[in-house]
Amino acid sequence: MYRLFEQLSTRIAAPFKGQESRHSKVWQCQCGQSVFFRNSQCLACSAALGFWPPLNLLSSLQAGPQEGTWQLDADVDAGQFRRCANLDTPAACNWLVPAGSPDTFCVSCALNRTIPDLSVPENPERWRKVETAKRRMVSQLINLGLPVVPKVVGDDTGLAFDFIGIDLEGNAPMTGHANGLITLDIKEADDAHREKVRVMMREPYRTLLGHFRHEVGHYYWDRLVADSHWLGEFRHLFGDETQSYADALQRHYDQGAPLDWQQRYVSAYATMHPWEDWAETWAHYLHMMDAVDTALGFGMSARDMDLDYQPFPLDTLYDPQHSSGPAFLAFVNNWIELAGMLNELSHSMGQPDFYPFVLPQAVIAKLHFIHLVIQGAGGRADEVLQV
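Quick caveat: nothing in here was measured; it's all calculated off a predicted structure.

Enquirer: Explain unusual backbone geometry to me, please; I cannot follow it from the model alone.
Expert: Excluding glycine, most residues fall at negative phi; most peptide bonds, likewise, are trans. Of note in this structure, Asn179 is not a glycine but carries a positive phi near 50°. Relative to the helices and strands, Asn179 is located in the loop between β10 (176-178) and β11 (181-185). Judged by its relative accessible area of 49%, Asn179 falls in the partly exposed class. Of note, Asp227 is a non-glycine position whose phi angle comes to about 60°, a positive value. Along the chain, the position of Asp227 falls in the loop between α4 (208-224) and α5 (231-238). Residue Asp227 is classed as exposed on the basis of its relative accessible area of 78%.

Next comes the structure, spelled out in structure tokens:
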């Protein structure tokens, strides 16, 4: 399903040859100009642009037969659409809503339960950054075939977001997940604040998108693993989640991560509790999938770079006998190679590593387990591995 460019390194592209990418990150306006995921208007011809998640398609728009409706230039048979009600707010949403739908917000904006107080001068820009990151995550979840359903009163199966700041008593909110509600301290959208916390917490990586991918991992654990046939195998790989979370949290902040954590976990925070191990590994799975897809979509090549990393063997996987095993392993091995190239590109700009992590064999097994859980839920994870 990945678009193959002739100039791609065969070492990076080999496992992804096949159909055109459903996860493309660059499209063409009707005028031929390249347009990107965040764009709501073509800079070359000023055409209106809209994103339609089910097709992963950003298209220039033409006026539809009814006032306020639009058609996709790239797929006129897709139907009639309206633009999301958040187009002209600080959220600057470029997503579309079916013209016949009673909803005024797109599938991503419909997940919002609380938006930040826009009377606070900094909050409009903060909200824009938050929504940009959230839309990218939601788009990826949809493309993987995962259920993305707004939370309703009395229902714990849906997903919702609160973007809030300091309360009336001066207390800052705690970023986290509870029963499908993901809360984010809006100050996380401030680069200086986020970097200060990252250094204080000794984290190698802290971004808005990373927050969303981690917290939504908790949500999908509830949806896909808890009370399912996967639970026993989860405990075998990640540990017993019934242990006290409060005690584990206190122990982690008192004692830190085990000295040998890098041999079994993707991050130090993942050592805190099996739920956090799952959420951290889930986030990295989404990071890897999106980054590889984006790189291939733009024709990045490692042809002239000799990155002789030792590849992981097949028995590294959670289920080496699974039909998707060889393709998934090829994906992981090529991610390691791509990450090395991207780290060097980052260094060339005087920046730290693009991907400041080392993946041990135990984490590869966990990543494969997550891949199979998504696929087993009716997802489309295997499609990214088709040759």
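From this point, the narrative continues.
Enquirer: Would you mind showing me how to read the sheet that holds β11 here?
Expert: Sheet strands line up and pair through hydrogen bonds in the backbone, either parallel or antiparallel. Spatially, four strands are ordered β8-β9-β11-β10 in an open sheet, and the strand pairing comes out mixed. Where the open sheet ends on each side, the last strands, each with one partner, are β8 (112-114) and β10. Averaged over all adjacent pairs, the angle separating strand axes in this sheet is 25°, with direction ignored. Strand direction decides the pairing type here: β8 and strand β9 (residues 160-164), joined by two bridges, are parallel. When the sheet's bridge partners are listed, Thr114 is paired in β9 with Asp162. Sitting on the sheet, helix α2 (residues 123-143) is in contact with β8, β9 and β11, with an inclination near 160° to β9.

Enquirer: Please clarify how the layout of surface pockets should be interpreted in this entry.
Expert: Gaps between atoms show up when a probe of the same size as a water molecule is rolled over them. Each pocket or cavity is described by its volume, and for the largest pocket that value is around 1,500 Å³. Met201, Glu203, Arg206, Tyr253 and Tyr269 are, among the 48 residues lining the largest pocket, the residues nearest its centre. Residue contributions to the lining of the largest pocket peak at seven residues, all from α4. Per-class residue counts for the lining of the largest pocket are 23 nonpolar, 16 polar and nine charged.

Enquirer: Please explain α5 as it appears in this structure.
Expert: At 3.6 residues per turn, the α-helix brings residues three or four places apart onto the same side. Every buried residue belonging to α5 is among Leu231, Phe234 and Phe238, and all of these are buried. Projected onto a plane normal to the axis of α5, the buried residues spread over an arc of 50° and lie on a single side. Backbone geometry just after α5 places Gly239 at a positive phi near 115°.

Enquirer: What is the right way to look at the nonpolar core in this model?
Expert: Inside soluble globular proteins, nonpolar side chains tend to come together where they are buried. Membership of the largest hydrophobic core comes to 91 residues, with the highest contact counts inside it found for Trp278, Trp282 and Tyr285. The biggest single contributor to this core is helix α7 (residues 274-297), with ten residues. Here Trp278 is in contact with Gly217, Trp221, Val225, Phe234, Phe238, Phe369, Ile370 and Val373, once residues within four sequence places are set aside.

Enquirer: Looking at this model, I keep getting lost on the packing of α2 against α4. Mind explaining?
Expert: In helix packing, the relevant descriptors are the interaxial angle and the interaxial distance, both defined with respect to the helix axes. The interhelical angle for the contact between α2 and α4, taken along N-to-C directions, is 45°, at an axis separation of 9 Å. Here α2 is positioned oblique relative to α4, judged by the angle of their axes. The crossing of α2 and α4 is right-handed. Note on element contacts: α4 touches α2 through Leu208, Leu209, Phe212, Arg213, Val216 and Tyr220, opposite Lys129, Val130, Ala133, Lys134, Arg136, Met137, Gln140 and Leu141. Counted by class, the contact of α2 with α4 contains nine nonpolar, one polar and four charged residues.

Enquirer: What should I look at first to understand the side chain of Asp290 in this one?
Expert: Turning to its location among the elements, Asp290 is positioned in helix α7. Separated by 2.8 Å, the side chains of Asp290 and Arg136 make a polar contact. Among all residues touching Asp290, those that are not within four sequence positions of it are Lys25, Arg136, Gln140 and Arg213.

Calculation notes
Residues numbered from 1 in each chain as written. Predicted model: local features only at pLDDT ≥ 70, side-chain atom pairs only at ≥ 80, totals over all residues. Heavy atoms only, no water. Helix = DSSP H or I, 4+ residues; strand = E, 2+ residues; numbered from the N terminus. Buried < 20%, exposed > 50% of the residue type's maximum accessible area, 1.4 Å probe, protein only. Pairing = 2+ DSSP bridges. Axes fitted to C-alpha atoms, helices over the stretch in contact; angles between N-to-C directions. Contact = heavy atoms within 4.5 Å. 1 Å grid on protein atoms, 1.4 Å probe; cavity = no way out; pocket = protein on both sides within 12 Å on 5 of 7 lines; lining within 4 Å. Points joined across faces, edges and corners; volume = space filled by probe spheres on them. Nonpolar A, V, L, I, M, F, W, Y, C, P; charged D, E, K, R; others polar. Arc of directions from axis to C-beta. Core = buried A, V, L, I, M, F, W, Y, C linked by side-chain atoms within 4.5 Å. Parallel < 35°, antiparallel > 145°, perpendicular 65-115°, else oblique. Left-handed = near helix turned anticlockwise from the far one by under 90°. Polar contact = N/O pair within 3.5 Å; in protein donor to acceptor, adjacent residues only side chain to side chain.

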